[in-house]
Amino acid sequence: MKLAFIIDPIHQLDPGHDTSVALMEAAQLLGHEVYATQTNWLSVVDNQAWAILQGVKLVPVELGEGRWLAANPWYQLSDRSFAPLETMDAVFMRTDPPVNDAYLFATYVLDYIDQSKTLVINNPNGIRAANEKMYALQFVQCIPETIVSADKQVIRQFVEAKGETVLKPLGNKAGEGILFLQAGDRNFNSIVELSTQQGKIPVMVQTYLPAAKAGDKRIILLNGEPIGALNRLSSGSDFRNNMATGGTVAQTSITAREQEICTHLADKLRQDGLIFVGIDVIGGFLTEVNVTSPTGVREIDRLDGTRLGKQVIEWVEKAVTPK
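Keep in mind the model is a prediction, meaning the values are calculated, not measured.

A.B. asks: What exactly am I supposed to notice about unusual backbone geometry here?
C.D. replies: Phi is mostly negative for residues that are not glycine, and the peptide bonds are mostly trans. A cis geometry characterises the amide bond from Asn72 onward to Pro73, with omega recorded as 5°. Here Pro73 lies in the loop between β6 (67-69) and β7 (75-77). A cis geometry characterises the amide bond from Ile121 onward to Asn122, with omega recorded as 0°. Positive phi, normally seen in glycine, also occurs at Asn47, with a value near 65°. For Asn47, the position within the fold is in the loop between β3 (42-45) and β4 (48-58). Even without glycine at this site, Glu65 takes up a positive phi of about 55°. Overall, Glu65 belongs to the exposed group, its relative accessible area being 77%.

Here it is, written out as structure tokens:
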């Protein structure tokens, strides 16, 4: 197969951490052609999505001393070419959030791929529909008590009723802008004003889950089915468990309750074309559904001895008919 990956500039990626590299590496090891492009290299020409593409050759990472070791250099790029994305068997949209104008415009370009010819992972319509915070709201039986509002009084009433809460901007990533907010906080007005941009932008506020002290679990789903998980733990100086905020990771398993959550999500994810997804679960409650560039594969593989990237590419092999 020919597989294109829409990624951030490849020199910015960490081969020992980034899931995009794990997927590209798995595709290469399975004998497929791997190409890289970027959102600003996408075009619509003759009513088709085109891209500037570069072939990628990777030096696979190796496990040593409990971590992934990468060669230097770890990749080689071919000369650029300009081609329709429908010449690919599958296209992976793996650019990191935020989902800003540039990100949204890229998904509009991807709409001009005929998915009967080329599979897009994840479906651009699905990405637009699935704000990574808001999407979870439809699974009421799975989430903690939650409101979304830009109104200071609405937020105040919720915080006072619940005591301890977590405020989350709707468009950020990697724990950015997440705040612990409790009743009686003398900074309440300032926190809400800054977070909502003076009442212009809604934020999500959820009841604080004390189980967060025991970790925030990332579960990777492939076509609605869980294939691996890891537990993310706070560094101790920050209440957030995100790896990007200095958190550590630990081996874990998927509980019966977490399997139940995955089952609740599965049909909707498939319906929306959200094939490769990472969900976040704390204390048996769904907190986020990550659909843009979910990460965690390298860490799960290191801890569990798995090859999740290989599972993903093998699924793609069955899902498409090579050109």
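A.B. asks: Is there a simple way to explain the nonpolar core in this structure?
C.D. replies: Soluble globular proteins tend to bury their nonpolar side chains together. Judged by nonpolar contacts, the single largest core of 34 residues is most densely connected at Leu3, Phe5, Met24, Phe92 and Val316. No other element matches the six residues that helix α1 (residues 19-29) contributes to this core. Leave out the neighbours within four places in its chain, and Phe92 touches Ala4, Phe5, Ile6, Leu23, Ile121, Val312, Ile313 and Val316.

A.B. asks: Would you explain the packing of aromatic side chains in this entry?
C.D. replies: Two measures describe an aromatic ring pair: the distance that separates the ring centres and the angle between the ring planes. Scanning the model with the defined rule gives six aromatic pairs in all. Residues Phe105 and Tyr108 carry aromatic rings whose centres are separated by 6.3 Å and whose planes lie at 35° to one another, so their mutual orientation is tilted. Here Phe105 and its partner Tyr108 are both found in helix α2 (residues 101-110), three residues apart, which amounts to about one turn of the helix. Summarising the aromatic geometry, the rings of Phe180 and Tyr208 are spaced 5.2 Å apart at their centres and angled 90° between planes, so their arrangement reads as edge-to-face. On the criterion of sequence distance, the pair formed by Phe180 in strand β13 (residues 179-182) and Tyr208 in the loop between β14 (203-207) and β15 (216-222) is long-range, its members being 28 residues apart. A relative accessible area of 16% means that Tyr208 is categorised as buried. Over the ring of Trp68 we find Arg298; its NZ or CZ atom is 5.7 Å from the centre of that ring.

A.B. asks: I keep staring at the environment of Arg128 and nothing clicks. Help me out?
C.D. replies: Relative to the elements of secondary structure, Arg128 occurs in helix α3 (residues 124-129). A sequence separation of 164 residues divides Arg128 from Thr292, and the C-alpha atoms of the two residues are 9.5 Å apart. Side chain to side chain, Arg128 and Thr107 meet in a polar contact 2.9 Å long.

A.B. asks: When you look at the side chain of Glu25 in this model, what are you seeing that I'm missing?
C.D. replies: With respect to the secondary-structure elements, Glu25 resides in helix α1. Separated by 3.1 Å, the side chain of Glu25 and the backbone nitrogen of Val61 make a polar contact. Discounting chain neighbours no more than four positions away, the residues touching Glu25 are Leu58, Val59, Pro60, Val61 and Arg298.

Parameters at a glance
- Residues numbered from 1 in each chain as written.
- Predicted model: local features only at pLDDT ≥ 70, side-chain atom pairs only at ≥ 80, totals over all residues.
- Heavy atoms only, no water.
- Helix = DSSP H or I, 4+ residues; strand = E, 2+ residues; numbered from the N terminus.
- Buried < 20%, exposed > 50% of the residue type's maximum accessible area, 1.4 Å probe, protein only.
- Core = buried A, V, L, I, M, F, W, Y, C linked by side-chain atoms within 4.5 Å.
- Contact = heavy atoms within 4.5 Å.
- Phe/Tyr/Trp six-rings, centres within 6.5 Å; stacked < 30°, edge-to-face > 60°.
- Lys NZ or Arg CZ within 6 Å of the ring centre and 35° of its normal.
- Polar contact = N/O pair within 3.5 Å; in protein donor to acceptor, adjacent residues only side chain to side chain.

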